[in-house]
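Here's the letter readout for the chains.
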Amino acid sequence: MSDIHKKEIDAVSGVETTGHEWDGLKELNNPLPKWWLYVFYACIVWAIGYWVVYPSWPLLSSYTAGVLGNSQRADALAAVEAGQAARAQLGAGLNDASLEEIASTPALLDFAMANGRAAFGDNCAACHGSGGTGAIGYPNLQDDGWIWGGTLDDIHTTLKYGIRSGHDEARFAEMPAFGRDELLDKTQIDQVASFVASRAGLEPEAGVDLAAGETVYQENCASCHGEDLAGMREMGAPSLMSANYVFGKSVKAIKAQVNAPRHGVMPAWEGRLDPATIKSLAVYVHSFGGGE
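A brief structural summary. Keep in mind it's a predicted model, so treat the numbers as computed, not measured.

**Considering the environment of Asp110**
With respect to the element layout, Asp110 can be found in helix H4 (residues 106-123). The spatial distance from the C-alpha of Asp110 to the C-alpha of Glu234 is 33 Å, given a sequence separation of 124 residues.

**Re the pairing of strand E1 (residues 17-22)**
Where E1 meets strand E2 (residues 25-28), three bridges bridge the pair, whose relative direction is antiparallel. Bridge pairing links Thr17 to Leu28 in E2. Counting the residues that bridge the hairpin from E1 to E2 gives two residues, and of these Asp23 lies at a positive phi of roughly 50°.

**Considering the pattern of salt bridges**
Close approach of charged atoms allows side chains with opposite charge to pair. Scanning the model with the defined rule gives six salt bridges in all. The salt bridge partner of Lys255 is Asp190, with a shortest N-O separation of 3.4 Å. Here Asp190 lies in helix H7 (residues 186-199) and Lys255 lies in helix H10 (residues 251-259), a separation of 65 residues in the sequence. Each member of the pair, Lys255 as well as Asp190, carries the same accessibility label: buried. A salt bridge links Glu205 to Lys255, with the shortest nitrogen-to-oxygen separation between them at 2.9 Å. Of the two residues, Glu205 sits in the loop between H7 and helix H8 (210-220) while Lys255 sits in helix H10, which places them 50 residues apart along the sequence. Note on Glu205: relative accessible area 31%, which makes it partly exposed. In the salt-bridge network here, residues are joined through shared partners; they are Lys186, Asp190, Glu205 and Lys255.

Analysis parameters
Residues numbered from 1 in each chain as written. Predicted model: local features only at pLDDT ≥ 70, side-chain atom pairs only at ≥ 80, totals over all residues. Heavy atoms only, no water. Helix = DSSP H or I, 4+ residues; strand = E, 2+ residues; numbered from the N terminus. Pairing = 2+ DSSP bridges. Salt bridge = Lys/Arg side-chain N within 4 Å of Asp/Glu carboxyl O. Buried < 20%, exposed > 50% of the residue type's maximum accessible area, 1.4 Å probe, protein only.

Scope: geometric values only; no functional claims are made or implied.
This is the structure in structure tokens:
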């Protein structure tokens, strides 16, 4: 054995060393404290007892169930079922009531608002924001610019069936690609974009003929958006009179939409959420202050 592993008695502590030395530091062979050993042995006994009493060891296709037959999975599922039963009992009133009755009945309204707030955070906030303020490509739910209507019934219908969701009852509208499909040339797109911007309170591009833009608008856009730019809900065409556009509030954004429009998709929540939750969402979203 080399000198570096030679055991000896430490001159200072009088304890035998392990024979290991690093940079002049020698490791002492002190025994573990009794209390630590007792705790360690107790943990071993506890572990063996746990193996016997509770589920622990995995097998090929299952696991050892333990003498108590306890299952945290079963406990969790039971808790979920109990919560769903309690929620169904509270929500039964929502299923039987109309949206107007919910909004005018304090007890139903309180439950609908709490339920709707939770459902909105789980399912809607990712796109519309936690307060419903929206983002580029996602409508602001706090203003009055509702393409498909902002009444309780309108919001409820949109939530149930979605927009371009593939559901048979989904809201659906599609704007032509005037530039991509060569329905309008670049000059006409510049003109109509600046005309629309000027009517929405935005600054049009300098030097663009707004009168020509109005002519382009009346010939190509008025059939859906209306001669007065007020929009047509039955067509799914938004009002262009205020600059709360989904895909940007600038002449550049308007031109991009006229050239090759983007069309958002909202899921149909029917079948994903229960009827009481969809009603709760309608009431909660309507409470943001937008709508009608």
